[in-house]
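Working through the structure, step by step
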Amino acid sequence: MQSNKHSLKLLLRNTSWLVGAEVVAKATRLLSIMAMAAFLVPVEYGAAMLALSIHEVIRLLLRSGTGAQIIRAKDSELPDYLSNGLCIQWLLCIALFLVQLLAAYATHWLFPEHDITTLVALMAFTYLIFPIVSTRAFLVQRDNRMALFSMISSCCIILENITIAVALYFDAGLLSIVYAKWAFALLWLGAFSLVDTLPHKIGFKRDTFFYLLGSSTQLAAAEGLRSLRMNMDIFIGARLLSPELFGLYSFAKSAGIGLAMSISQAYITALYPYVCQQQKNAQTGNLNQKIMLVTAAVSAIFVCQSVLVPVYVPFLFSADWQASFTTTSLLCLIAITTVWSDTYSAMLRSKGLFKLETQQCAFCLIVSIIGVLAIAPQQPDTFALVLLLSSILWLVFPAINVLLVKFSAIKAA
């Protein structure tokens, strides 16, 4: 009983650190959104969000590297995982750098109404910084040092958001988002370079390397699908909506789900190392109940945000953006289904069920794409409503799998 209480306190403490730091950091996110709303017209705002979404889809593939395996590795496996993992991280980041350069070139004909080629290409160079300290960041998470991780992460986000606002003030225009991403990457590098972790160097051991490469490939599929699920509305909206309406929708996403998703991702970042630690220590009693309790508490934050949209949007932003009330509120609610879906993904990943996680991510993406293309909404609020209704169906996949597991257990008994 005492162990269970300590376990729950650990999850709550880790979540509190990350979510608390994220809330503080996202206060500056509001500053950057206000600056973009003040200095950019809706068409430019839409172009900036489109460029950021392309970068975000590719950047999230960084999470498909060896981090998950290093965090859940046994102590005896850790030295080989670190040396070979560092090698894979360099290969992954160089590949992402090249992929984003190709994506930048492709924007010429994919999104001819938005001139974002230079923006996407310049942001690609940040990938060449991350592998220098990536395994150090994984070790901090493995040790559940979430206070330290959250402080570094939030400081990087704060710097990124302040850089956008300052650059816009000095008339940098759309290049402000490029400067911000570079500021984030450089501070991330400097901060984790100073962190004390288990010493390790790049290395190669055939069996370990190919095992990690195989699992990283499976994780890449899952992360790629999840990243597309989170950003596909921007890509489809850029084609379905006029540039003006797309700009309004992009603003609504920034002011709504953009803030909520940061909290959701902070929670998942705290959850995964916690679950791995509990499984390694064979302390899985009542684990699911604890996770459901904390996930429900995080979901309540998104409900509150949705209710408060009519209060903070007119208070913080000019009349040019007031038409986004309904859209912003609806998008906030999507964060609820997102956090439950991603929580289930984290549980699957902690058990090494990477293929099942990939299937779940594919299901969520396909459901959302079918919903949007079937309705083909032409207005931002209708677009958001279709996405919300589609997101509810994401929960069908974990529900069916939980029932199948219970049925198999009953049959085996």
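Up top you'll find the structure we're talking about.
Here's what I pulled together on the structure shown here. Since this is a predicted model, take the numbers as computed values, not measurements.

Cut-offs applied
- Residues numbered from 1 in each chain as written.
- Predicted model: local features only at pLDDT ≥ 70, side-chain atom pairs only at ≥ 80, totals over all residues.
- Heavy atoms only, no water.
- Helix = DSSP H or I, 4+ residues; strand = E, 2+ residues; numbered from the N terminus.
- Contact = heavy atoms within 4.5 Å.
- Core = buried A, V, L, I, M, F, W, Y, C linked by side-chain atoms within 4.5 Å.
- Buried < 20%, exposed > 50% of the residue type's maximum accessible area, 1.4 Å probe, protein only.
- Phe/Tyr/Trp six-rings, centres within 6.5 Å; stacked < 30°, edge-to-face > 60°.
- Patch = residues over 30% accessible without salt bridge, like charges linked within 9 Å, V, L, I, M, F, W, Y side chains within 5 Å.
- Areas by Shrake-Rupley, 256 points an atom, 1.4 Å probe, with all protein chains shown as cover.
- Salt bridge = Lys/Arg side-chain N within 4 Å of Asp/Glu carboxyl O.
- Polar contact = N/O pair within 3.5 Å; in protein donor to acceptor, adjacent residues only side chain to side chain.

Once that is clear, we can look at the side chain of serine 83. Here serine 83 is to be found in helix α4 (residues 78–110). Look past the residues within four positions of serine 83 in its chain and what remains in contact with it is Lys201, Ile202 and Gly203.

Proteins that are soluble and globular tend to have nonpolar side chains buried together. Residues Leu50, Ile54, Ile116, Ile177, Trp188, Phe192 and Leu387 are the most contacted members of the largest nonpolar core, which totals 77 residues. Per element, the largest residue contribution to this core is ten residues, and it comes from helix α2 (residues 42–59). Those residues within four positions of leucine 387 in sequence are excluded, and the remaining contacts are Met232, Asp233, Tyr249, Leu331, Ile334 and Val372. Residues Leu60, Met230, Leu271 and Met347 belong to the second largest nonpolar core, which totals 18 residues.

On to the packing of aromatic side chains, then. For the coordinates displayed, the defined rule picks out 14 aromatic pairs. Aromatic pair phenylalanine 149 and phenylalanine 192: ring centres 6.1 Å apart, planes at 50°, arrangement tilted. With a gap of 43 residues between them, phenylalanine 149 in helix α7 (residues 146–169) and phenylalanine 192 in helix α8 (residues 176–193) connect regions that are remote in the sequence. By relative accessible area, which is 8% here, phenylalanine 149 ends up buried.

Moving on, we get to the environment of alanine 47. Its location among the elements puts alanine 47 in helix α2. According to the relative accessible area criterion, alanine 47 is buried, its value standing at 7%. Between the C-alpha atom of alanine 47 and that of serine 250, which follows or precedes it by 203 residues, the distance is 9.0 Å. Filtering out sequence-adjacent residues up to four positions away, alanine 47 remains in contact with His114, Ile116 and Leu174.

The next subject is the environment of valine 41. Of note, valine 41 is situated in the loop between α1 (2–39) and α2. Along the chain, valine 41 and glutamate 244 lie 203 residues apart, while their C-alpha atoms are 8.7 Å from each other.

What follows covers a nonpolar patch on the surface. A surface patch of nonpolar side chains, amounting to about 560 Å² of accessible area, comprises Ile94, Leu98, Leu122, Phe125, Leu128, Leu175 and Tyr179. By relative accessible area, leucine 128 is classed as partly exposed at 32%.

This part takes up the side chain of glutamate 223. Mapped onto the elements, glutamate 223 comes out in helix α9 (residues 206–240). Given the relative accessible area of 1%, glutamate 223 is considered buried. Here the side chain of glutamate 223 touches arginine 349 through a polar contact of 2.7 Å, side chain to side chain.

Once that is clear, we can look at the environment of alanine 104. With respect to the secondary-structure elements, alanine 104 resides in helix α4. On the accessibility criterion, alanine 104 (1% relative accessible area) is buried. Sequence separation of alanine 104 and leucine 122 is 18 residues, and the distance between their C-alpha atoms is 9.1 Å. Ignoring anything within four residues of it in the chain, the contact list for alanine 104 reads Thr117, Val120 and Ala121.

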